[in-house]
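Structural overview for review
Okay, here's what each chain looks like letter by letter:
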2 protein chains.
Amino acid sequence: MLSKKTKYGLKALTYLASQQENTPVQISGIAQHENISQKFLESILLSLRKTGFLGSKKGKGGGYYLIKDPKEILMTDVMRVLEGPIAMVPCVSLNFYEKCDDCPDEATCSVHRLMLEVRDSALEVYRSRTLADLIS
Amino acid sequence: MLSKKTKYGLKALTYLASQQENTPVQISGIAQHENISQKFLESILLSLRKTGFLGSKKGKGGGYYLIKDPKEILMTDVMRVLEGPIAMVPCVSLNFYEKCDDCPDEATCSVHRLMLEVRDSALEVYRSRTLADLIS
DNA sequence: TAATTACCCTATCTATTTAGTAGGATAAAC
DNA sequence: GTTTATCCTACTAAATAGATAGGGTAATTA
């Protein structure tokens, strides 16, 4: 299941990308427009800023804004920051690899090989899509 | 993340499918061979029996066995029983559809459209694979 | 038919994660 | 120096995952 964090994060990013001008948008505005708890959204936007997707401005007229061109923002990067690993098991993860403690041999593990295919198919989608594609 | 239930279930099914003869295999045997908690595996096998994948036999010489040919067991069906929906959000699920309460319009929802693509790509994998493919 | 074997079923428990809340600190604008 | 809006830490309720416990039931075999 996709977490609310990811869902809200994607909606917020899309909303920012759909703005005519890239001027700061307040959290409250995004929260209202996208039906998101403001405080929860606050923490999500904060993490998107810390990971280099958003810039922020304090005080009056402040808010969040996109740092990069939506066309340059790959879904792979967004998903990894918001949701974490794209793979469904750590042993097939490119960026969050971890060995299974119960599995003696990855090469012969049926789950490993199936999940490798699933990961690749998901990656294909995320790699081919940018934030610009999400705007309706 | 793939749940342990699904992981163990897949491993158990693969193990049963890899047997020379389709005679009952005891839970304890599967648990040992696949490094799974026996009691936990018990409940997983029970659900696989109730959903028509496995048959069981009580008493001495008893155990679990496959009811169908591994080639006839699609990963889509196995995954839906073990893991639940293949979609990452209920609003793009074929078998577990649910409307989002926060989203006014699915057609214009950025998350909806992205997750539709991800679901389709996963479905493509699961539909093209059977239990027979998992045997190494 | 009595003992053994192995599945069947319900209940309970603990740790972790998720989603959201509270409250104030900090910095920019006017 | 007051208002505005982000920044940051901590806390909490609820749900879920992943077991574990303990006995019930049915089939086999002697």
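That block above? That's the structure.
This report concerns the structure included in the present document. Every value quoted in this text rests on a predicted model; they were computed, and no experiment measured them.

All right, on to the packing of aromatic side chains then. Aromatic ring pairs are defined here through the distance separating the ring centres and the angle between the ring planes. All names here are of chain A. Counted according to the given criterion, the structure contains 2 aromatic pairs over all chains. Pairing Y8 with F40 gives two aromatic rings, centres 5.7 Å apart and planes at 80°, and the pair type is edge-to-face. Here Y8 is found in helix α1 (residues 4–17), whereas its partner F40 is found in helix α3 (residues 38–50), with 32 residues between them in sequence. Residue Y8 is classed as buried on the basis of its relative accessible area, which comes to 10%.

Both copies of the chain are related by a screw-like operation: a rotation about an axis and a shift along it. Each copy of the sequence occupies a distinct position, and chain A is placed on chain B by a rotation of 180° and an axial shift of 0.0 Å, giving an RMSD of 0.0 Å. One copy is carried onto the other by what is essentially a two-fold rotation axis. Among all residues of chain A, the one whose C-alpha sits closest to the rotation axis is A:S121, at a distance of 2.8 Å. Here 100% of the interface residues in chain A have copies in chain B that are interface residues too; the copies meet face to matching face.

Residue and element names in this part refer to chain B. Here 4 bridges tie strand β1 (residues 54–57) to strand β2 (residues 63–66), and the two strands are oriented antiparallel to one another. The partner of K57 across the bridge, within β2, is G63. Linking two consecutive strands that pair antiparallel, namely β1 and β2, is a turn of 5 residues; a positive phi of about 70° is found at G59 within it.

Attention now moves to helix α1 (residues 4–17) of chain B. All names here are of chain B. For α1, built from 14 residues, the straight-helix expectation of 20 Å at 1.5 Å per residue is met to within 8% by its first-to-last C-alpha distance of 20 Å. Most of α1 sits out of view: 12 of its 14 residues are buried. Among all positions in α1, only T6, K7, Y8, G9, L10, K11, A12, L13, T14, Y15, L16 and A17 are buried.

This part covers the protein's contact with DNA strand D. Within the structure, DNA strand D sits among 25 residues, and A:Q26, A:E42, A:S56, A:Y64 and B:K39 are positioned closest to it. Each atom of DNA strand D within 4 Å of the protein belongs either to a base or to sugar and phosphate, the latter forming 74%. For DNA strand D, a phosphate oxygen lies 2.4 Å from a polar atom in the side chain of A:S56. Those elements that place two or more of their residues in the surface near DNA strand D are α3, β1 (54–57) and β2 (63–66) of chain A together with α1 and α3 (38–50) of chain B.

To continue, consider the protein's contact with DNA strand C. Neighbouring residues of DNA strand C: 26 residues in total, closest A:K39, B:Q26, B:E42, B:R49 and B:Y64. A share of 75% is what sugar and phosphate atoms reach among the atoms of DNA strand C within 4 Å of the protein. Between DNA strand C and B:Q26 there is a distance of 2.6 Å, counted from a phosphate oxygen to a side-chain nitrogen or oxygen. Residue contributions to the surface near DNA strand C peak at 5 residues, all from α3(B).

Thresholds applied
Residues numbered from 1 in each chain as written. Chains lettered and ligands numbered in written order. Predicted model: local features only at pLDDT ≥ 70, side-chain atom pairs only at ≥ 80, totals over all residues. Heavy atoms only, no water. Phe/Tyr/Trp six-rings, centres within 6.5 Å; stacked < 30°, edge-to-face > 60°. Helix = DSSP H or I, 4+ residues; strand = E, 2+ residues; numbered from the N terminus. Buried < 20%, exposed > 50% of the residue type's maximum accessible area, 1.4 Å probe, protein only. Least-squares fit on C-alpha atoms with pLDDT ≥ 70 in both. Contact = heavy atoms within 4.5 Å. Pairing = 2+ DSSP bridges. Expected span 1.5 Å × (residues − 1). Near = heavy atom within 4 Å. Polar contact = N/O pair within 3.5 Å; in protein donor to acceptor, adjacent residues only side chain to side chain.

On their own, these measurements won't tell you what the molecule is for.
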